[in-house]
Amino acid sequence: MSESVQTAPRRVSAPDVLVARPARPEDAEQIALLSAPFVEQGLLVARPPAELAGMAQEFVVACEGSRLVGCAGVSPSGGSLVVYNLCIAADWQGRGIGRQLVGIAETIGRERGYSSLLALTRYGGEWFGKLGFSEVPASETRDEWRRLFRPGRRSSLYQLRLTSEQSGDRSTPMCRLKQTKE
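The following paragraphs examine the structure supplied in this document. (Residues numbered from 1 in each chain as written. Predicted model: local features only at pLDDT ≥ 70, side-chain atom pairs only at ≥ 80, totals over all residues. Heavy atoms only, no water.)

Buried residues dominate strand β2 (residues 59–64), accounting for 5 of its 6 residues. Bridge count between strand β1 (residues 16–22) and β2: 4 bridges; the pairing is antiparallel. Note on β2: the bridge partner recorded for V19 is C63. By the bridge criterion, 6 bridges tie β2 to strand β3 (residues 67–77) in an arrangement that is antiparallel. Considered in β3, the bridge of V60 is made with A72. What sits between β2 and β3 in their antiparallel hairpin is a turn of 2 residues, with G65 showing a positive phi close to 65°. (Buried < 20%, exposed > 50% of the residue type's maximum accessible area, 1.4 Å probe, protein only. Helix = DSSP H or I, 4+ residues; strand = E, 2+ residues; numbered from the N terminus. Pairing = 2+ DSSP bridges.)

Moving on: the pattern of salt bridges. Here the structure, examined in full by the defined rule, presents 7 salt bridges. Where R67 meets E64, a salt bridge forms, and the shortest distance between an N and an O atom there is 3.7 Å. On the basis of relative accessibility, which here comes to 27%, the residue E64 falls in the partly exposed class. Close ionic contact of R67 with D91 constitutes a salt bridge, the shortest N to O distance being 2.8 Å. Residue R67 is located in strand β3, and its partner D91 is located in the loop between β4 (80–88) and α3 (97–111); the two are separated by 24 residues in the primary sequence. (Salt bridge = Lys/Arg side-chain N within 4 Å of Asp/Glu carboxyl O.)

Below, the discussion takes up α3. Between its first and last C-alpha, α3 extends 21 Å over 15 residues, near the 21 Å set by a 1.5 Å rise per residue. The buried count for α3 comes to 11 of 15 residues, which makes it a mostly enclosed element. The set of residues buried in α3 consists of I97, G98, Q100, L101, V102, G103, I104, A105, E106, I108 and G109. Of the residues flanking the end of α3, it is G113, one or two places downstream, whose phi is positive at about 80°. (Expected span 1.5 Å × (residues − 1).)

Written out as structure tokens, the structure reads:
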């Protein structure tokens, strides 16, 4: 890991358009670089590039040219789809990329027939609340979800129930993801 994903903030006058696509095994190094600042803060679980390469089929990435600026993993857990390793490069935060990646996860969940979208986080759940997620009290955590918790991390679980009326579109005027099936 020789280069950093953090660069100087950019000034933007028109909305940026990024490409959202399924991750490929060769993206593993960039996903690890993108995740590193969040791992250092204790917000994400450390995963080496070799592990990420083996999990690439679970990731959606947001790209500016050949650079990954955001990613999210999605993995089934019973009747739910779990969003994990959601992170955005520092110079791209605040433009709605995370919201749109969650929107893509919602669409995937609905298309595959999942009843809800789950997110485990050590970060404050206020952000997930703005997206319609509700915190799941420990007393209501299903057995199938308990395996998601890593001992000692003190994460909170958030759930978004998926219905056909909801929209996975979480676009903002600051940035737009153009999704490809690549």
